[in-house]
Amino acid sequence: MCSCLWNSFVRFTQSFLWEATSIFKEPYHAVLVGLDSSGKTTVLFRLRYGQYVNAVPTVGFNMEKVRTGGKGWIVWDVGGAERVRPLWRSYTRATDALIFVVDSSSSEERLEEARMELHKLTKQQSLFCSSVKRPRPPLLILANKQDLPTAREPSLLTKALGLQDLQESQQWMISPVCAVTGEGLDEAMSSLSQLIVKSKKSSPLR
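If you look the protein chain up in an unreviewed UniProt entry, it shows as ADP-ribosylation factor-like protein 4C from Armadillidium nasatum. According to the UniProt record, the Sequence similarities (unreviewed entry) comment for the protein chain is "Belongs to the small GTPase superfamily. Arf family."

Further remarks concern helix H2 (residues 40-49). Burial runs high along H2: 8 of the 10 residues are buried. Looking at H2, one finds that the buried residues are Lys40, Thr41, Thr42, Val43, Leu44, Phe45, Arg46 and Leu47. Downstream of H2 by a residue or two, Gly50 has a phi angle that is positive, lying close to 70°.

Turning to the nonpolar core, a few remarks are in order. Core analysis: the largest hydrophobic core is formed by 24 residues, its most contacted members being Trp73, Ile99, Leu140, Leu142 and Leu192. Looking at this core, the elements with two or more residues in it are strand E1 (28-33), H2, strand E3 (71-78), strand E4 (97-103), strand E5 (139-144) and helix H6 (185-202). For this core, the element with the highest residue contribution is H6, accounting for 6 residues. If we skip the residues at most four places from it in the chain, Ile99 touches Ala30, Val31, Leu32, Val33, Leu140, Leu142, Met189 and Leu192. Val33, Trp88, Ile141 and Leu161 belong to the second largest nonpolar core, which has 20 residues in total.

As enumerated under the stated definition, the model contains 6 aromatic pairs in all. With 5.7 Å between their ring centres and 50° between their planes, Trp76 and Tyr91 make a pair best called tilted. One end of the pair, Trp76, is in strand E3; the other, Tyr91, is in helix H3 (residues 87-91), and 15 residues separate them in sequence. On the basis of relative accessibility, which here comes to 21%, the residue Trp76 falls in the partly exposed class. These aromatic residues form a ring-pair network of at least three members: Phe61, Trp76 and Tyr91. A cation over a ring is seen here: Lys71 above Tyr28, with NZ or CZ 4.5 Å from the ring centre.

Thresholds applied
- Residues numbered from 1 in each chain as written.
- Predicted model: local features only at pLDDT ≥ 70, side-chain atom pairs only at ≥ 80, totals over all residues.
- Heavy atoms only, no water.
- UniProt positions renumbered as here; feature names shortened; annotations may be inferred.
- Buried < 20%, exposed > 50% of the residue type's maximum accessible area, 1.4 Å probe, protein only.
- Helix = DSSP H or I, 4+ residues; strand = E, 2+ residues; numbered from the N terminus.
- Core = buried A, V, L, I, M, F, W, Y, C linked by side-chain atoms within 4.5 Å.
- Contact = heavy atoms within 4.5 Å.
- Phe/Tyr/Trp six-rings, centres within 6.5 Å; stacked < 30°, edge-to-face > 60°.
- Lys NZ or Arg CZ within 6 Å of the ring centre and 35° of its normal.

Okay, here's the thing in structure tokens:
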């Protein structure tokens, strides 16, 4: 069998297996939040289509079914403008994972704004999860725009966002990515998938 036919066969088989297994396995639910212009929609479309798609600012929300990190996902992308940030609370109440996208090349003022919004959201989520007796979903911070010369390393963003000050019950991780090229996204989602499994297994509320 020539290589082109073999490659076509492999792609068909992978697609068939994905469709077949998705019938029996529930996909994970994740919500993308973050300040406006952090790259949330670019992340979503990169995960969905496997290529860069020019995105316009999200006024409400976007939703896509994606396959990444060895798992199926339903991913919601919620607008990051200040006037729509109150919507984050509603979208993140019943989710398997929270993904906070930050522009790693942001100014100090914007990073402080991101820190305040992130901590506000996690506190709201903590209160809600406690009230309904469900475990807190893991938090993935995507340090986006790592291709830019002014991009900060994850260690610097960890301090700027005060991640070390999050409650001990909040599992989190930070991953450097570039939504335009897709670099680091699959690895980040794979690690998040493992963190979800670990969280569910170790939760006393199971």
